[in-house]
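For reference, the chains in residue letters:
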Amino acid sequence: GVSVSVSTFSLVAIALERYSAICNPLQSRAWQTRSHASRVIAGTWLLSALLMLPYAIYSTTRAVPAPATRPPLRQCTHDWPGQHARQAWYVLLLLILFFIPGVVMAAAYGLISRELYRGIRFELGTTGEAGARRSAERAPAGEDGDGCYVQLPRALELRALGAAGGAQQERGRANGSEAKLVAKRRVIRMLVVIVATFFLCWLPLFAANTWRAFAPRAAQRALSGTPISFIHLLSYASACANPLIYCFMNPRFRAACLGTCARCCPPGPPRAPRDEATNPNASLSKFSY
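The model shown is predicted, which means the values in this text are computed figures rather than measured ones. (Residues numbered from 1 in each chain as written. Predicted model: local features only at pLDDT ≥ 70, side-chain atom pairs only at ≥ 80, totals over all residues. Heavy atoms only, no water.)

It is worth spelling out the overall build of the chain at this point. A count of helical and extended segments in the chain gives nine helices and two strands. If you list the helices and strands of the chain from N to C, you get α-α-α-α-β-β-α-α-α-α-α. Put simply, the chain has 289 residues, and 24% of those count as buried. Put simply, of all contacts in the chain between residues at least 6 apart along the chain, 70% involve residues at least 24 apart. On the chain, roughly 19700 Å² of surface is accessible, and the fraction owed to carbon and sulfur atoms is 64%. (Helix = DSSP H or I, 4+ residues; strand = E, 2+ residues; numbered from the N terminus. Buried < 20%, exposed > 50% of the residue type's maximum accessible area, 1.4 Å probe, protein only. Contact = heavy atoms within 4.5 Å. Areas by Shrake-Rupley, 256 points an atom, 1.4 Å probe, with all protein chains shown as cover.)

Let us look at the nonpolar core. By size, the foremost hydrophobic cluster in this structure holds 38 residues, and its most contacted members are Leu93, Leu97, Met105, Tyr109, Ile194 and Trp202. Elements represented by at least two residues in this core include exactly helix H1 (2-23), helix H5 (83-138), helix H6 (152-214), helix H7 (216-223) and helix H8 (226-249). Take this core: its biggest share by element is 13 residues, from H6. Setting aside its immediate chain neighbours within four residues, leucine 97 contacts Ser5, Thr8, Phe9, Leu51, Met52, Phe198 and Phe206. (Core = buried A, V, L, I, M, F, W, Y, C linked by side-chain atoms within 4.5 Å.)

Moving on, we get to the UniProt feature "transmembrane region" (unreviewed entry) in the chain. UniProt's entry tags residues 37-57, 88-112, 187-208 and 228-248 with the feature "transmembrane region" (unreviewed entry), counted in the numbering of this structure. Helix makes up 100% of residues 187-208 and strand 0%, with an end-to-end C-alpha separation of 33 Å. Segment residues 228-248 splits into 100% helix and 0% strand. End C-alpha atoms: 30 Å apart. (UniProt positions renumbered as here; feature names shortened; annotations may be inferred.)

The next thing to look at is H1. In a regular helix each residue adds 1.5 Å, so 22 residues correspond to 32 Å; H1 covers 31 Å between its end C-alpha atoms and thus fits that length. All of the buried residues in H1 are Ser5, Val6, Thr8, Phe9, Leu11, Val12, Ala13, Ala15, Ser20 and Cys23. (Expected span 1.5 Å × (residues − 1).)

Turning next to a nonpolar patch on the surface. Taken together, Leu46, Leu50, Leu53, Ile57 and Tyr58 make up a surface patch of nonpolar side chains, about 490 Å² in accessible area. Among the elements of the structure, helix H3 (34-51) and helix H4 (53-58) are those that each provide at least two residues to the nonpolar patch. The element contributing the most residues to the nonpolar patch is H4, with three residues. Examined against the element boundaries, leucine 46 turns out to sit in helix H3. (Patch = residues over 30% accessible without salt bridge, like charges linked within 9 Å, V, L, I, M, F, W, Y side chains within 5 Å. Salt bridge = Lys/Arg side-chain N within 4 Å of Asp/Glu carboxyl O.)

The subject of this paragraph is H3. In this model H3 runs 26 Å from its N-terminal to its C-terminal C-alpha over 18 residues, within 8% of the 26 Å that 1.5 Å per residue would give. Burial in H3 covers these residues: His36, Thr44, Ser48 and Leu51. The arc that holds the buried residues of H3, viewed along the axis, is 105 degrees, so those residues lie on one side. Relative to its buried face, H3 has exposed residues pointing more than 90 degrees away, namely Arg34, Arg39, Leu46 and Leu50. (Arc of directions from axis to C-beta.)

Right, let's talk about the packing of aromatic side chains for a bit. Within this structure, the stated rule accounts for nine aromatic pairs. With centroids separated by 5.7 Å and ring planes inclined at 35 degrees, the aromatic side chains of tryptophan 80 and tryptophan 89 adopt a geometry described as tilted. Take tryptophan 80: its relative accessible area is 12%, and that puts it in the buried class. A residue is classified by how much of its surface remains accessible, and tryptophan 89, at 6% relative accessible area, is buried. Centroid distance phenylalanine 198 to phenylalanine 199: 5.7 Å. Interplanar angle 85 degrees. Geometry classified as edge-to-face. By relative accessible area, which is 30% here, phenylalanine 199 ends up partly exposed. (Phe/Tyr/Trp six-rings, centres within 6.5 Å; stacked < 30°, edge-to-face > 60°.)

Written out as structure tokens, the structure reads:
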């Protein structure tokens, strides 16, 4: 119970801190530190241990009926004070560990997606305006900005001098804008998958536990055997689903994992330094007029 609760509270804490870092980046820099992360981790474990105290209080062992030829067996089970206490407990778990965290995560990731979508629209609008300005600049060959005319050879000379730097700068801007758009779309897809995975993995288990609390015989007949085993397996899969999602959908997470694993391996041959000219934004001044 504590491990399940820690997993859920950690997902909620990650969602809230992501919301603060993306939607309020300047304010979040002041308090999102390593010590803050340590306090949040300690708080999730302490809160989970307190929440699961009823399991430690009301758990006991009972003898399991067995043939006389076999040694006696005992099974760990929950000895609740009454049926109403059992029902209240599972409804409480449904609210605290599933419904409220799911709503908080969906709201936080929804606001993050809206903020990123606004950024995508802004990037697309900026790119469109830049293209329109380039088209307008190409149209009048020999006209100056104030309505006067300059000599055509001088205009061609100025255009030739700025051609190399302008082309290099425009390529750098286009590549940077396209990379930002792709990264934002990837983050939005990853957030949607995380929320969907949470509901898919945990909804069957909490629904089954609540059903067994209110209708134990009907739930036992419908869920015994393969169904309840699959439901538990699905909930356990949630523990390993998020790292896989991050690894496949987040290049920075994937690079960090590879970097962490590389510390345990012998270093390879040193890589040649990258040429400065490969970076379009590195030295634009020497190309500009």
